[in-house]
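Fold and contact review
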Amino acid sequence: MKDNAEDVGVLLLRVPAGLLLMGHGAQKLFGWFGGGGPDETGEMMTALGYPHGKLMALAAGLGEFGSGAGIALGAATPLASAGLVSVMTNAIVSVHLPKGLWAQHGGFEYPMLLGIGATALAVHGPGRFSVDAVLGLDRKGIGWGLAALVLGAGAAAAVLSMRGRDTPGEDE
């Protein structure tokens, strides 16, 4: 019988990270866990230069919640990883980059680590204790990791390209 240590190890990384990301998404979507919900988060998104702040808050919340669920469950792992790369790239560029590296100063250390970890998870795969493995969809390897990184970075670039654009008729 194969040693389960590697599968248990990736499970121990995947589940708490995914659940915490779901919590971040729930802060934006529902105002849970001290979050601002779509209205307050939307105001913050508008202040960061995103058009249609409330819509962008919902998109960010869904991205975090959905990607977090996929990572926690080990379901559609490369796609969940790409979603996390996208959301964290947006967070880094729009909020954390000007504050430097270290988290104690609001820097990008933590979201960068999450994005890199998501890419590593796409390379490694979610392990045997995952929805992907149960369904026989355990996609992993350098190609899947690269695909997750490219898809996530591309999605982030598309969203970031909207920052600072005037949006006629926007009330937010």
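Note: the structure precedes this text.
Let me sum up the structure you'll find in this document. These figures come from a predicted structure and were not determined experimentally. (Residues numbered from 1 in each chain as written. Predicted model: local features only at pLDDT ≥ 70, side-chain atom pairs only at ≥ 80, totals over all residues. Heavy atoms only, no water.)

Looking now at the packing of helix α1 (residues 5–30) against helix α2 (residues 37–47). Here α1 crosses α2 at 95°, and the two axes come no closer than 5 Å. Taken together, the axes of α1 and α2 are roughly perpendicular relative to one another. Contacts between α1 and α2 involve Gln 27, Lys 28, Leu 29 and Phe 30 from the former and Gly 37, Pro 38 and Thr 41 from the latter. Class assignment for the residues of the contact of α1 with α2 results in 3 nonpolar, 3 polar and 1 charged. (Axes fitted to C-alpha atoms, helices over the stretch in contact; angles between N-to-C directions. Helix = DSSP H or I, 4+ residues; strand = E, 2+ residues; numbered from the N terminus. Parallel < 35°, antiparallel > 145°, perpendicular 65-115°, else oblique. Contact = heavy atoms within 4.5 Å. Nonpolar A, V, L, I, M, F, W, Y, C, P; charged D, E, K, R; others polar.)

Okay, helix α7 (residues 142–160) next. Over its 19 residues, α7 extends 26 Å from the first C-alpha to the last, a length consistent with the 27 Å expected when each residue adds 1.5 Å. Listed in full, the buried residues belonging to α7 are Gly 145, Ala 148, Gly 152, Ala 156 and Leu 160. Around the axis of α7, the buried residues are gathered within 90° of arc, so they sit on the same side. Of the exposed residues in α7, the ones pointing more than 90 degrees away from its buried face are Gly 143, Leu 146 and Val 150. As for α7, its buried residues are in contact with α4 (77–96) and α5 (109–124). (Expected span 1.5 Å × (residues − 1). Buried < 20%, exposed > 50% of the residue type's maximum accessible area, 1.4 Å probe, protein only. Arc of directions from axis to C-beta.)

Formed by Val 10, Leu 21, Ile 71, Ala 80, Leu 84, Val 85, Val 87, Met 88, Leu 114, Ala 118 and Leu 121, the largest nonpolar core amounts to 11 residues. Looking at this core, the elements that each hand over two or more residues are α1, α4 and α5. When residues in this core are grouped by element, the largest group, 5 residues, is from α4. Residue contacts for Ile 71: discarding those within four places in its chain leaves Arg 14, Gly 18, Ala 80, Leu 84 and Leu 121. Core analysis: the second largest hydrophobic core is formed by 6 residues, Met 56, Ala 57, Ala 60 and Leu 160 among them. (Core = buried A, V, L, I, M, F, W, Y, C linked by side-chain atoms within 4.5 Å.)

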